[in-house]
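Each chain is listed here by its residues.
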Amino acid sequence: MTSLGCCLLLALTLLGPCPAVARKCDLQGLWRNELGSNMTLSALDTAGTFSGSYHTAVAATSKKILVSPLQGAQQHAGAKGQPTFGFTVQWQFSDSTTAFVGQCFVDRRGKETLETTWLLREEVPFRRDTWKATRIGTSTFTRIK
């Protein structure tokens, strides 16, 4: 092997493959979950809060589904850029509220995903009915825009 070949081989070994630039997750934009519900989130303000709207594709009501407002906050993004966040949705077509908590992930290809857990609390007429007033679930959102 020539000295030029040895130098090239040594340089490639020391440098290795170039790591991709870590992309930080940005909550602002349009998101869709596995059930077809759409969510639009505004840009974060300086305090880390945001607002938006939620249009659910599923509901346990016979009423017309309406787009509903949401309010939330994001923790300051850490070094990995995959922050945690939370938001509440005030449903405009039912007597219930949902609180979501989650984390934003960015994969190696740059695809952003929001992994969330939610609690939905519906109004019940009597305290004795509290046992059936709360539902829990998970939703995975992917960016549309």
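Presented here is a report on the structure given in the accompanying data block.

Calculation criteria
Residues numbered from 1 in each chain as written. Predicted model: local features only at pLDDT ≥ 70, side-chain atom pairs only at ≥ 80, totals over all residues. Heavy atoms only, no water. Helix = DSSP H or I, 4+ residues; strand = E, 2+ residues; numbered from the N terminus. Buried < 20%, exposed > 50% of the residue type's maximum accessible area, 1.4 Å probe, protein only. Contact = heavy atoms within 4.5 Å. Areas by Shrake-Rupley, 256 points an atom, 1.4 Å probe, with all protein chains shown as cover. Phe/Tyr/Trp six-rings, centres within 6.5 Å; stacked < 30°, edge-to-face > 60°. Disulfide = S-S within 2.5 Å. Pairing = 2+ DSSP bridges. Axes fitted to C-alpha atoms, helices over the stretch in contact; angles between N-to-C directions.

1. Section: the overall build of the chain
On a plain count of helices and strands, the chain comes out with one helix and eight strands. Secondary structure elements of the chain occur, N-terminal to C-terminal, as α-β-β-β-β-β-β-β-β. Taken over 145 residues, the chain has a buried fraction of 30%. Nonlocal contacts in the chain, meaning residues at least 24 apart in sequence, comprise 38% of its contacts between residues at least 6 apart. Taken as a whole, the chain presents about 9800 Å² of accessible surface, with 59% of it coming from carbon and sulfur.

2. Topic: the packing of aromatic side chains
A full pass over the atoms with the stated rule returns eight aromatic pairs. Seen in terms of ring centroids, Tyr-54 and Trp-91 are 5.4 Å apart; in terms of plane orientation they differ by 90°. Their pairing is edge-to-face. With a gap of 37 residues between them, Tyr-54 in strand S3 (residues 49–55) and Trp-91 in the loop between strand S5 (84–90) and strand S6 (96–106) connect regions that are remote in the sequence. Each member of the pair, Tyr-54 as well as Trp-91, is classed as buried. Note on Tyr-54 and Phe-141: the rings are 6.2 Å apart at their centroids and 85° apart in plane angle, and the pair reads as edge-to-face.

3. What about the environment of Ser-53?
Within the secondary structure, Ser-53 sits in strand S3. Through-space distance from the C-alpha of Ser-53 to that of Gln-90 is 9.5 Å; in sequence the pair is 37 residues apart. When residues no more than four places from it in sequence are discounted, the contact partners of Ser-53 are Asn-38, Met-39, Thr-40, Val-67, Ser-68, Pro-69 and Leu-70.

4. So, the state of the cysteines
What the rule picks out here adds up to one disulfide. The disulfide bridge from Cys-25 ends at Cys-104, spanning 1.3 Å between sulfur atoms. Placement of Cys-25 in the loop between helix H1 (3–15) and strand S1 (29–33) and of Cys-104 in strand S6 is noted, with a sequence separation of 79 residues between them. An identical accessibility class is assigned to Cys-25 and Cys-104; each is buried.

5. Re the sheet that holds S3
Taken in spatial order, the eight strands line up as S1-S2-S3-S4-S5-S6-S7-S8 and close into a barrel, and their pairing is antiparallel. Sheet twist, expressed as the average angle between the axes of neighbouring strands with direction ignored, equals 30°.

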